[in-house]
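# Structure at a glance
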Amino acid sequence: MGGDGEGSGAPAGAWPVAGWALAALFGVAAQLAQPVPWPHGVNLALIAVAAAAGMAPLAASRLGWRVPWRLAVALALAALAAAAAGSRAQWRLDERLASSLEGQDLRLTGVVADLPRELPDGVRFAFEVESATLGAAAVRVPPRVSLGWYRGFEDEVRLAEPFTALRAGQRWQFTVRLKRPHGLRNPHGFDFELWALEEGIGATGHVRATAQAPARLLDHAAAHPVERARQAIRDAIAARVPDARTAGVLAALTVGDQAAIERADWDLFRDTGIAHLVSISGLHVTMFAWLAGSLASGLWRRSAWAVHRLPAVLAGRWLGLAAAVAYALLAGWGLPAQRTVAMIAATVLLATLGLRWPAPLVLLVAAACVVAGDPWALLAPGFWLSFVAVGLLLVAAPESPAARRGWRAATKAGLRSQAVATVGLAPLSLMFFQQVSLVGALANLLAIPLVTLLVTPLALLGVVLPPLWSVAGALVQALVAALQVLAQWSGAVWTAAAAPPWAQAAALLGGALAVLPLPRSLRLLAVPLLLPLLWPSSARPPEGRFELLAADVGQGSAVAIVTRTHVLLHDAGPQFSRDSDAGTRVLVPLLRGEGWTPIDLLMLSHRDSDHVGGAPAVMAALPVRALSSSLEPQHPLRAGPWPHGRCEAGQAWTWDGVQFRVLHPTTGDQGSASMTPNALSCVLLVSDAQGRRALLTGDLEAAQEDRLVRALGAGLRSDVLLVPHHGSATSSSEAWLDAVQPRLAVVQHGYRNRFGHPAPAVMARYAERAIAVVRSDRCGAWRWRSDTPPGAQACERTAVPRYWQDRPFPP
């Protein structure tokens, strides 16, 4: 139902609409690029500009002047779109939690607003707040917050009720602790604060259900009937299909619950290039709308009364659109569903009005409609992948639809469409995810007909005939088994570092040339245009210099040291929960995006989970050539195929003119039963050819600091110091700071962490010595090239400022 008109058949007034849609998209894009939010006065001024531009042609005509009215409309739409996006942004930012309420015990009453996401240690869910109190006083909190209800993952949290009782649409009363939306900020990382703004989440936190302040279920079905229906279907699938992983895939296909798919399965679907099929895609919505419309049209023809009032074809179109909207809502209203509904709605409206627009124009208008409803969608990879995929298929389609008649022609057309989508989307996949599946074309040949024609229809029909879910589940298991075989092929996934903007632009042009129906000589130009994206050059330090990147991993530590041809990773960050860690969320995309692979040495300072929690994910996803640690012999991380050595004082080596020296622990420390894991931290001193130095300390304690001061004295002096133990009160002694004399100190710690790091007394000692301090909660990732002064480097949080970034602290 996406439209099949040719450009020659479009009415003369159709193409100006393309300019107006582009103008609206440009207005939204201009607002999204702002480092700070526009005040309401600017938004009001833009509305005034839009009104003036809209009235200008009429006013000019009365004066006998000629004003290009199409240009005036474009200006009005651009200004109006920018003002609308700016106003929505400011309203949502104004709704964020006040800093004074962070960490307080608040009593909230409200409604579970979406499908709770089940985790190994609890649930996470959106909560619409109806009232909030602090003690006996009413307080203002955001209307929508994200809450976790955990089973004892943190010491202070106690789950007094079984979290399985939580359902969408229920009204509850909770005691909670909230904080402002504050995510990790790293190169190539997920922008949590943008996601929170888009979802209208004004605070995050956790439920504190205790005997003194129990959680109370007030109403089983208070609101959100659509979400309750989705919940009922998801629960029914889980009850019918015993395998949880299979049930998760069916829940994603039926009600759009992508969180139900386990991380290992997502990795498999991504590596084989079929991730688009296991979410509610535009193809699924279109198929459902076509079936519903055909059925409705056939039934409509059986009623003479109905046909005399509305033609059956027209009734089928509108009822198909209604079915598409209903299905998209039931499926969670994701971007592909929004795009498809907008295209179907435009097509049906144009057909009703007797107009015939080219399909690319309908697609552009659909994009403008989606962005009008959600301006931040313009920044989502799914938006571009979805619209570009349809656009490529439209512009690269054979000219004659008659050529598709017959099963052989249909098969050939299907194969061509798959090739077009695979080649055309490869540049976007590399740009957004730094990887592309080389087995994706083959995997999709199997998965598209299986998922689209069998699994998805059976999953939907299972809502009325539950036994069909078992059949669909068996097909999913067969598909997963086949995909696992493909994923194990050597070279199944191509990974590359993030390319510079010019290379990305060239690759997009190359991808378009490769699939457009152009002369072969022009299409061959795609090869040189794509090469810079496939093999981008990684900016490495020159001989004798190094680059240090202290990642923002929350309450934990992870530092990459890069020379001209080598990479060392000192610690791998924390495990956030039983299904999430810094390796997957931060380090793997960061190291891949920077082109810092393989890892020549992974040095794990000690066994604490905030330093080694991300190591398994890093080791599984990236090549690691050697491991050095203070881990005990039976530790599971030492069981891998890579060579392992204990870090010991006196070890030294040189890479590309950069010297590495281990200062602690000693050989005697390793076997001492009295040494805590912190006391065994591997301390590493890195020195470049010009004498610039960085000192990485793990969780070193004051006693070991004093021992190093006595042994090395001024030999500890460094330009950059990774603050020991995240700024704990048990470290950073005065004697230590006087010996190291850093020009800049980096504290890696979590925002509002429960340990109170960094301790105020410790920060006072740094301030007394005029040592500049970089805190990861304020800075995000911090990068330093040793050929520049330490203070010359910018923080990731301020390198490319955007208005949705949380800035509760001074810079």
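A brief look at the structure comes next. (Residues numbered from 1 in each chain as written. Predicted model: local features only at pLDDT ≥ 70, side-chain atom pairs only at ≥ 80, totals over all residues. Heavy atoms only, no water.)

### Some thoughts on the environment of A507
- Position of A507 among the secondary structure elements: in helix α17 (residues 501–515).
- We classify A507 as buried; its relative accessible area is 0%.
- Remark: the alpha-carbon pair of A507 and T452, spanning 55 residues in sequence, is separated by 30 Å.
- Ignoring any residue separated from it by four or fewer positions in sequence, one finds A507 in contact with P427, L529, L530 and L533. (Helix = DSSP H or I, 4+ residues; strand = E, 2+ residues; numbered from the N terminus. Buried < 20%, exposed > 50% of the residue type's maximum accessible area, 1.4 Å probe, protein only. Contact = heavy atoms within 4.5 Å.)

### Quick notes on the nonpolar core
- Judged by nonpolar contacts, the single largest core of 39 residues is most densely connected at W357, F383 and Y803.
- Breaking this core down by element, the ones donating at least two residues are α1 (15–32), α3 (69–94), α4 (192–199), α11 (335–353), α12 (359–373) and α13 (381–395).
- Ranked by size, the runner-up nonpolar core spans 33 residues in total, among them I233, A443, V455 and L486. (Core = buried A, V, L, I, M, F, W, Y, C linked by side-chain atoms within 4.5 Å.)

### Observations concerning the side chain of H749
- Examined against the element boundaries, H749 turns out to sit in the loop between β24 (744–747) and α26 (760–768).
- Here the side chain of H749 touches N753 through a polar contact of 3.5 Å, side chain to side chain.
- At a separation of 3.1 Å, a polar atom in the side chain of H749 contacts the side chain of D777.
- Excluding its chain neighbours within four sequence positions, the residues that come into contact with H749 are G554, Q555, G556, H726, H757, P758, R775, S776 and D777. (Polar contact = N/O pair within 3.5 Å; in protein donor to acceptor, adjacent residues only side chain to side chain.)

### Some details on the packing of aromatic side chains
- Inspection of every chain in the model, using the stated rule, returns 19 aromatic pairs.
- Taken together, a centroid distance of 5.8 Å and an interplanar angle of 55° make the contact between W20 and W69 tilted. Taken together, the residues W20 in helix α1 and W69 in helix α3 connect sequence positions 49 residues apart.
- You can call W20 buried: its relative accessible area is 19%.
- Relative accessible area serves as the criterion here: at 42%, W69 is assigned to the partly exposed category. (Phe/Tyr/Trp six-rings, centres within 6.5 Å; stacked < 30°, edge-to-face > 60°.)

### A short note on α4
- What α4 keeps buried is the set E193, L194, A196, L197 and E198.
- Check the buried side of α4 and you find it contacts α3 and α28 (796–799).
- G200 lies just past α4 and shows a positive phi near 75°.

### Looking at the packing of helix α5 (residues 225–240) against helix α16 (residues 467–487)
- The geometry of α5 relative to α16 is characterised by a closest axis approach of 9 Å and an angle of 70° between their N-to-C directions. Considering their axes alone, α5 and α16 lie roughly perpendicular with respect to each other. Seen along the crossing, α5 lies across α16 with a hand that is right-handed. Only P467, W469 and S470 of α16 make contact with α5, whose side of the interface consists of I233, A236, I237 and R240.
- Taken together, the residues of the contact of α5 with α16 break down into 5 nonpolar, 1 polar and 1 charged. (Axes fitted to C-alpha atoms, helices over the stretch in contact; angles between N-to-C directions. Parallel < 35°, antiparallel > 145°, perpendicular 65-115°, else oblique. Left-handed = near helix turned anticlockwise from the far one by under 90°. Nonpolar A, V, L, I, M, F, W, Y, C, P; charged D, E, K, R; others polar.)

### Focus on the state of the cysteines
- Under the counting rule described, the total for this entry stands at 2 disulfides.
- Shown here is the disulfide that connects C647 with C682, its sulfur atoms set 1.8 Å apart. On the S-S bond that ties C647 to C682, the torsion sits near -60°, and the link is left-handed. Of this pair, C647 sits in the loop between β18 (644–646) and β19 (652–655) while C682 sits in the loop between α23 (667–670) and β21 (683–687), and the two are 35 residues apart along the sequence. Here C647 matches C682 in class, with each residue buried. (Disulfide = S-S within 2.5 Å.)

### Quick notes on the sheet that holds β24
- Spatially, 7 strands are ordered β19-β20-β21-β22-β23-β24-β25 in an open sheet, and the strand pairing comes out mixed. Pairing within the sheet leaves two strands with one partner each, and these edge strands are β19 and β25 (772–775). Averaged over neighbouring strand pairs, the angle between their axes works out to 20° when direction is ignored.
- In the sheet, β21 pairs with strand β22 (residues 693–696) via 4 bridges, with the strands oriented antiparallel. Opposite L685, over in β22, you have L695 as the bridge partner. (Pairing = 2+ DSSP bridges.)

### Some words on helix α20 (residues 582–594)
- Of all bends in α20, the biggest is about 25°, found at V588, and the proline P589 comes one to four residues later.
- Buried residues of α20: A582, G583, V586, L587, V588, L590, L591, G593 and E594, and no others.
- With a side-chain oxygen positioned 2.9 Å from the backbone nitrogen of G583, the residue opening α20 is D581.
- Remark: G595 follows α20 within two positions and exhibits a positive phi of approximately 75°. (Bend = angle between axes of the 7 residues up to and from the residue.)

### A closer look at the pairing of strand β20 (residues 658–664)
- Among the 7 residues that make up β20, 5 are buried, leaving the element largely enclosed by the rest of the structure.
- Across 4 bridges, β19 lies against β20 in antiparallel orientation. What sits directly across from A652, in β20, is R661.
- Here β19 hands over to β20 after 2 residues, with D656 in that stretch at a positive phi of 50°.
- Across 5 bridges, β20 lies against β21 in antiparallel orientation. Bridged to Q659 within β21 is S687.

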